[in-house]
Amino acid sequence: MPDTPSRDVTISAIAEEAGVSAPTVSRVLNGRGDVAPATRERVESLIRAHGYRRRGGRPRERVGLLDLVFNDLDSPWAVEIIRGVEDAAHESGTGIVVSAIHRRVSSTRQWLENVRSRATDGAILVTTDLDPELREELRELHVPAVVVDPVGVPDLDTPTVGVTNWAGGLSATEHLIHLGHRRIAFVAGRPELWCSRARLDGYRAGLETAGLAVDDELVVPGEFGYESGFRAGERLFDLADPPTAVFAASDQMALGVYEALRRRGLRVPADVSVVGFDDLPEARWSSPSLTTVRQPLSDMGRLAVRTVHRLVQRETIESPRVELATELVVRDSTAPPP
């Protein structure tokens, strides 16, 4: 405990010293009654000892800068999000700082320290888990946040922008069923992501609606990248009874399946139909061009910027969760089964 009170201490630091969560400290500061008396006394003692004062009152002056934070930047998917964010930011005369935190707590802390030192008008967090402590620190810094493609179940306390992943998974599966396919495989994305689970649920719903059983050996894991799609394709076509069609939860994984098929001398779509998800630029230029579910990635970025600006201006956000529509784009990689 410091001898000299300091106003630089954060809610998270007080929470750590008190052995409680940051939201608990926030409840004490806000005079909420849902805190145990002993806990309240311990937290209040630390608040007094540190001379902590909430940065309240009027928010800081706008600095014309937004932060765009990704877990990873190694995907064309991220480039499309950046394109939309930059378009909307340019229209409003706002600068963008792009960061990647690689799912590391240390990188997140470093990003927060950077924000604390240079200021920002708001943050757009992409496929990031906005946990209570991070949310509280951003509130303390007067940094409104919007989450694009949230990791877990969307939090109604924070505006989120996503797409109709379940409907997209359903439409891709129904397309293959209507062509006559009955053994349809699914290459899943990372299971911790909300979008991955929703696409898988859409695939399952499509099969069940058509009266087809979900065969667990046809559902294989992936990580959204090209290599994981290739490995999934190798696994699927080593089966004694391989699928006649594959729906991959990303375009990159679908193109990885292409390569697995090519190495076996199998042709798309004459021998196997393939569907992706995203509609990245390479989908239309692949050979054959890829049937896929388009998610409006650039539009998601633009909407996130507009939402942050509304938060900065203290406008009411009517719906904290916005889902943009997906669309099945039929190209040359799907056909009736041989």
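You'll find the structure just up there.
This write-up is about the structure you can find in this document. (Residues numbered from 1 in each chain as written. Predicted model: local features only at pLDDT ≥ 70, side-chain atom pairs only at ≥ 80, totals over all residues. Heavy atoms only, no water.)

## Here's the deal with the pairing of strand β1 (residues 65-70)
So, step 1. Most of β1 is tucked away, with 5 of its 6 residues classed as buried.
So, step 2. Relative to strand β2 (residues 95-100), β1 is paired through 6 bridges, and the arrangement is parallel. Within β2, the residue paired with valine 69 across the bridge is serine 99.
So, step 3. In the classification by handedness, the crossover that spans β1, the intervening helix α4 (residues 76-91) and the parallel β2 is right-handed.
So, step 4. The pairing of β1 with strand β3 (residues 122-126) spans 5 bridges and is classified as parallel. The residue of β3 that forms the bridge with phenylalanine 70 is valine 126. (Buried < 20%, exposed > 50% of the residue type's maximum accessible area, 1.4 Å probe, protein only. Helix = DSSP H or I, 4+ residues; strand = E, 2+ residues; numbered from the N terminus. Pairing = 2+ DSSP bridges. Right-handed = clockwise from strand over helix to strand, strands pointing away.)

## Comments concerning the sheet that holds strand β12 (residues 327-329)
Hydrogen bonding along the main chain pairs the strands of a sheet, whether they run parallel or antiparallel.
So, step 1. Spatially, β7-β6-β8-β9-β10-β12 is the arrangement adopted by the 6 strands of the open sheet, whose pairing is mixed. The outermost strands of the open sheet, each flanked by one partner alone, are β7 (219-220) and β12.
So, step 2. In this structure, strand β6 (residues 184-187) lies alongside strand β8 (residues 245-248), joined through 4 bridges in parallel fashion. When the bridges of β8 are listed, phenylalanine 186 appears paired with phenylalanine 247.
So, step 3. Those strands touched by helix α8 (residues 194-209) are β6, β7, β8 and β9 (273-278), and its axis lies near 170 degrees from that of β6. (Contact = heavy atoms within 4.5 Å. Axes fitted to C-alpha atoms, helices over the stretch in contact; angles between N-to-C directions.)

## Overview of the pattern of salt bridges
So, step 1. Applying the stated criterion to the full structure yields 23 salt bridges.
So, step 2. One salt bridge in this structure joins glutamate 80 and arginine 83, with 3.0 Å as the shortest N-O distance. In this pair, glutamate 80 and arginine 83 both sit in helix α4, 3 residues apart, roughly one turn of the helix.
So, step 3. Here arginine 302 makes a salt bridge to aspartate 299, at a shortest N to O gap of 2.6 Å. Here arginine 302 pairs with aspartate 299, and both are found in helix α12 (residues 297-312), just 3 residues apart, close to one helical turn.
So, step 4. The structure contains a network of salt bridges with shared partners spanning Asp279, Arg284, Arg294, Glu327 and Arg331. (Salt bridge = Lys/Arg side-chain N within 4 Å of Asp/Glu carboxyl O.)

## A word on the packing of aromatic side chains
So, step 1. Using the criterion set out here, one finds 2 aromatic pairs in the structure.
So, step 2. Arranged with centres 5.0 Å apart and planes meeting at 20 degrees, the rings of phenylalanine 186 and tyrosine 203 form a pair that is stacked. Of this pair, phenylalanine 186 sits in strand β6 while tyrosine 203 sits in helix α8, and the two are 17 residues apart along the sequence. Here the two residues phenylalanine 186 and tyrosine 203 agree in accessibility, since each one is buried.
So, step 3. The rings of Phe186, Tyr203 and Phe247 are connected pair by pair, giving a single aromatic cluster.
So, step 4. Geometry around phenylalanine 277 places arginine 199 over its ring, the cationic atom sitting 3.8 Å from the centre. (Phe/Tyr/Trp six-rings, centres within 6.5 Å; stacked < 30°, edge-to-face > 60°. Lys NZ or Arg CZ within 6 Å of the ring centre and 35° of its normal.)

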